[in-house]
Amino acid sequence: MQTQTATVPSSNEKKPFVPVTTEPLLKLSGIAKVFHTDEVETHALTNVYLEVKKGEFLSIEGPSGSGKSTLLAILGLLDAPSQGEYRLGGDVTSSLDAAKRAAIRNKSIGFIFQAFNLIGDLTVVENVELPLVYRGVGAAERKRKAHDALEKVGMSHRARHMPAQLSGGQQQRVAVARAVVGDPLLLLADEPTGNLDSKNGDQVMALLESLHQTGATIVMVTHNPEYARKATRTVHLFDGRIVDDRPA
């Protein structure tokens, strides 16, 4: 039986130029996040300033407890900052309530999680369709877009399979398809290779590089220095502060 694999650029192939616009797609100004537990006050983020332009591929690094997950949660509108301003696509989001954040999140942000987060009772194509279901997209258009996204990651031949019938690498490729199916402004990847072996991790990173080369804006958290170098820029967090920001 023939299998399909994701199309990835050869390392010897000249990568196409992807222009980076001058206006930031996202902008954080003086962001702080404080968690309160009983009488304990934990400062997860302190005075964070960050801009990401459309077309950038940003990697966020730092030791455990440095604030990476908190920062990604704020970028993804899963949480709100305690202080400061967050603009996404020029719109201020930091003061929005949970319902309005959820609406923007569904329309503008695609997520790729370490644990895949596929729904076991749904087929592969149904999992990929989910973001479009929440947007109210019609069934025919949903299926067309979902199959196009699966084709892009080399998983169209598994459209009718259940997640449990897939390997870890295949499940993450489906998760990438789900993240891009709605053409989001921003892709957020939280340790996307963390649960994969090196071979499957390399394949997922090649997919992210390919998406970036076609214009995607990506912010990725990773502990893997080799994968971090595949981004165009790296930010290092320590104790809730950005201590380094440089081209990768």
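Relevant structure appears above.
The structure presented is a predicted model; accordingly, all values stated were derived computationally and were not measured. (Residues numbered from 1 in each chain as written. Predicted model: local features only at pLDDT ≥ 70, side-chain atom pairs only at ≥ 80, totals over all residues. Heavy atoms only, no water.)

1. Notes on the pairing of strand β6 (residues 109–112)
Now for step 1: Side-chain alternation along β6 places Ile109 and Phe111 on one buried face and Gly110 and Ile112 on a second face that is also buried.
Now for step 2: As judged from the four bridges shared by β6 and strand β7 (residues 186–190), these two strands associate in the parallel manner. Along β7, the bridge assignment pairs glycine 110 with leucine 187. (Buried < 20%, exposed > 50% of the residue type's maximum accessible area, 1.4 Å probe, protein only. Helix = DSSP H or I, 4+ residues; strand = E, 2+ residues; numbered from the N terminus. Pairing = 2+ DSSP bridges.)

2. Thoughts on the sheet that holds β6
Now for step 1: Read from one edge to the other, the open sheet built from six strands follows the order β6-β7-β8-β3-β9-β10, with strand pairing classed as mixed. Because the sheet does not close on itself, it has two edges, and the strands there are β6 and β10 (241–247). With strand direction ignored, the average angle separating the axes of adjacent strands in the sheet is 20°.
Now for step 2: As paired elements, strand β9 (residues 233–238) and β10 share six bridges and run antiparallel to each other. The partner of phenylalanine 238 across the bridge, within β10, is arginine 241.
Now for step 3: Strand contacts of helix α1 (residues 68–75): β3 (57–61), β6, β7, β8 (218–221) and β9, with the helix running at about 155° to β7, the strand carrying the most contacts.
Now for step 4: Here helix α6 (residues 198–213) sits on the sheet and contacts β3, β6, β7 and β8; the angle it forms with β8, its principal contact strand, is near 155°. (Axes fitted to C-alpha atoms, helices over the stretch in contact; angles between N-to-C directions. Contact = heavy atoms within 4.5 Å.)

3. Regarding the packing of helix α5 (residues 168–180) against α6
Any two packed helices are characterised by the angle at which their axes cross and by the distance between the axes.
Now for step 1: It is at 9 Å that the axes of α5 and α6 come closest, and there the two elements cross at 20°. Comparing their axes, α6 and α5 come out roughly parallel. Judged by the twist between their axes, the crossing of α5 over α6 is right-handed. Packed against α5, whose contacting residues are Gly169, Gln172, Arg173, Val176 and Val180, the element α6 presents Asn200, Gln203, Val204, Leu207 and Leu211 at the interface. (Parallel < 35°, antiparallel > 145°, perpendicular 65-115°, else oblique. Left-handed = near helix turned anticlockwise from the far one by under 90°.)

4. Observations regarding the packing of helix α3 (residues 124–135) against helix α4 (residues 139–152)
Now for step 1: Where α3 contacts α4, the axes come no closer than 9 Å and their chain directions differ by 120°. With respect to α4, the element α3 is oriented oblique. In this structure, α3 meets α4 at a crossing whose hand is right-handed. Contacts between α3 and α4 pair Val124, Val125, Val128, Glu129, Leu132 and Val133 from the former with Arg142, Lys143, Lys145, Ala146, His147, Ala149 and Leu150 from the latter.

5. Here we look at the pattern of salt bridges
Now for step 1: In total, this model carries nine salt bridges according to the counting rule given.
Now for step 2: One salt bridge in this structure joins glutamate 51 and lysine 27, with 3.8 Å as the shortest N-O distance. Of this pair, glutamate 51 sits in strand β2 (residues 40–53) while lysine 27 sits in strand β1 (residues 24–37), and the two are 24 residues apart along the sequence.
Now for step 3: The partly exposed category is assigned to lysine 27, whose relative accessible area is 33%.
Now for step 4: The closest approach of N and O atoms between arginine 87 and glutamate 85, which form a salt bridge, is 3.0 Å. (Salt bridge = Lys/Arg side-chain N within 4 Å of Asp/Glu carboxyl O.)

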